[in-house]
Amino acid sequence: MSYQKKIGNQGEARVAQYLARNQHVILARQWHCRYGEIDIISYDCRAHELVFIEVKTRSVDWLGRFPVLHPLQQERLAASISLYVSNVQWTNRYRFDLAIVRPDGPLTYYRHMPLE
């Protein structure tokens, strides 16, 4: 396993722990489809929403230099989310969240991120 993949997996594990502490039930991690991957899918027991979470694990040097989600990645995520919702026949509310993790630093969590 590459160093980047290992660091990414560690970041996703930290976010999954954070979500569990905040009354989320983890439904899937690294869910793949023909459009790409969704890092974490959870159910927010407080808000009664399905949540799709993109996790970005970055060093301090990377933060703020590049857009976190490029337009093509946003398109792929939107298509992946639509496919998942359709496959499980979800008819209630859902949202997209973003988590930015520094390997040896803080976790920043953004709720209700728009996919343009």
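Everything that follows concerns the structure shown earlier in this document.
Note that this is a predicted model, so its numbers are computed, not measured.

## Examining the overall build of the protein
(1) Moving on: The helix and strand tally for the protein stands at two helices and five strands.
(2) Moving on: Each helix and strand of the protein, placed in order from N terminus to C terminus, yields the pattern α-β-β-β-α-β-β.
(3) Moving on: What you see for the protein is a C-alpha radius of gyration of 14 Å, in line with the 13 Å of a compact globule of 116 residues.
(4) Moving on: Overall, the protein is about 40 × 30 × 25 Å in size when its C-alpha atoms are taken along their principal axes.
(5) Moving on: Residues classed as buried in the protein amount to 37% of the 116 residues present.
(6) Moving on: Sequence-distant contacts in the protein: of pairs separated by 6 or more residues, those separated by 24 or more amount to 53%.
(7) Moving on: Approximately 7200 Å² of the protein is accessible, and the part contributed by carbon and sulfur atoms is 50%.
(8) Moving on: Considering the protein, the positive charge centre built from 15 side chains and the negative charge centre built from 11 side chains are found 3 Å apart.

## Some thoughts on the nonpolar core
One recurring pattern in soluble globular proteins: nonpolar side chains tend to sit buried together.
(1) Moving on: Counting residues in hydrophobic clusters, the biggest one holds 14 residues, and the most contacted among them are Trp-31, Ile-38, Ile-41, Phe-52, Ile-81, Tyr-84 and Phe-96.
(2) Moving on: Contributions of two or more residues to this core are made by strand E1 (24-33), strand E2 (36-44), strand E3 (49-57) and helix H2 (71-87).
(3) Moving on: Looking at which element gives the most residues to this core, the answer is H2, with five residues.
(4) Moving on: Leave out the neighbours within four places in its chain, and Tyr-84 touches Leu-27, Trp-31, Ile-41, Leu-50 and Phe-52.

## Describing helix H1 (residues 3-21)
(1) Moving on: The end-to-end C-alpha distance of H1 is 27 Å, a good match for the 27 Å that 19 residues give at a rise of 1.5 Å each.
(2) Moving on: Buried within H1 are the following residues: Ile-7, Gly-8, Gly-11, Glu-12, Val-15, Ala-16 and Leu-19.
(3) Moving on: Considering only its buried residues, H1 is in contact with E1, E2, E3, strand E4 (94-101) and strand E5 (107-110).
(4) Moving on: Among the residues of H1, the N-terminal cap falls to Ser-2, whose side-chain oxygen and the backbone nitrogen of Lys-5 are separated by 3.1 Å.
(5) Moving on: Trailing H1 by a residue or two, Gln-23 shows a phi angle of about 60 degrees, which is positive.

## Let's talk about the sheet that holds E2
(1) Moving on: Here we have five strands laid out as an open sheet, ordered E1-E2-E3-E4-E5, and mixed in their pairing. This sheet does not close on itself; its edge strands, each paired only once, are E1 and E5. Direction aside, the axes of adjacent strands within the sheet are offset by 25 degrees on average.
(2) Moving on: Note that E2 and E3 share five bridges and pair antiparallel. Counterpart to Tyr-43 in the pairing with E3 is Leu-50.
(3) Moving on: Sheet contacts for H1: E1, E2, E3, E4 and E5; angle to E1, the most-contacted strand, approximately 150 degrees.

Conventions we followed
Residues numbered from 1 in each chain as written. Predicted model: local features only at pLDDT ≥ 70, side-chain atom pairs only at ≥ 80, totals over all residues. Heavy atoms only, no water. Helix = DSSP H or I, 4+ residues; strand = E, 2+ residues; numbered from the N terminus. Rg over C-alpha atoms; globule rule 2.2 N^0.38 Å. Buried < 20%, exposed > 50% of the residue type's maximum accessible area, 1.4 Å probe, protein only. Contact = heavy atoms within 4.5 Å. Areas by Shrake-Rupley, 256 points an atom, 1.4 Å probe, with all protein chains shown as cover. Lys, Arg positive; Asp, Glu negative; His and termini not counted. Charge placed at Lys NZ, Arg CZ, Asp CG, Glu CD. Core = buried A, V, L, I, M, F, W, Y, C linked by side-chain atoms within 4.5 Å. Expected span 1.5 Å × (residues − 1). Polar contact = N/O pair within 3.5 Å; in protein donor to acceptor, adjacent residues only side chain to side chain. Pairing = 2+ DSSP bridges. Axes fitted to C-alpha atoms, helices over the stretch in contact; angles between N-to-C directions.

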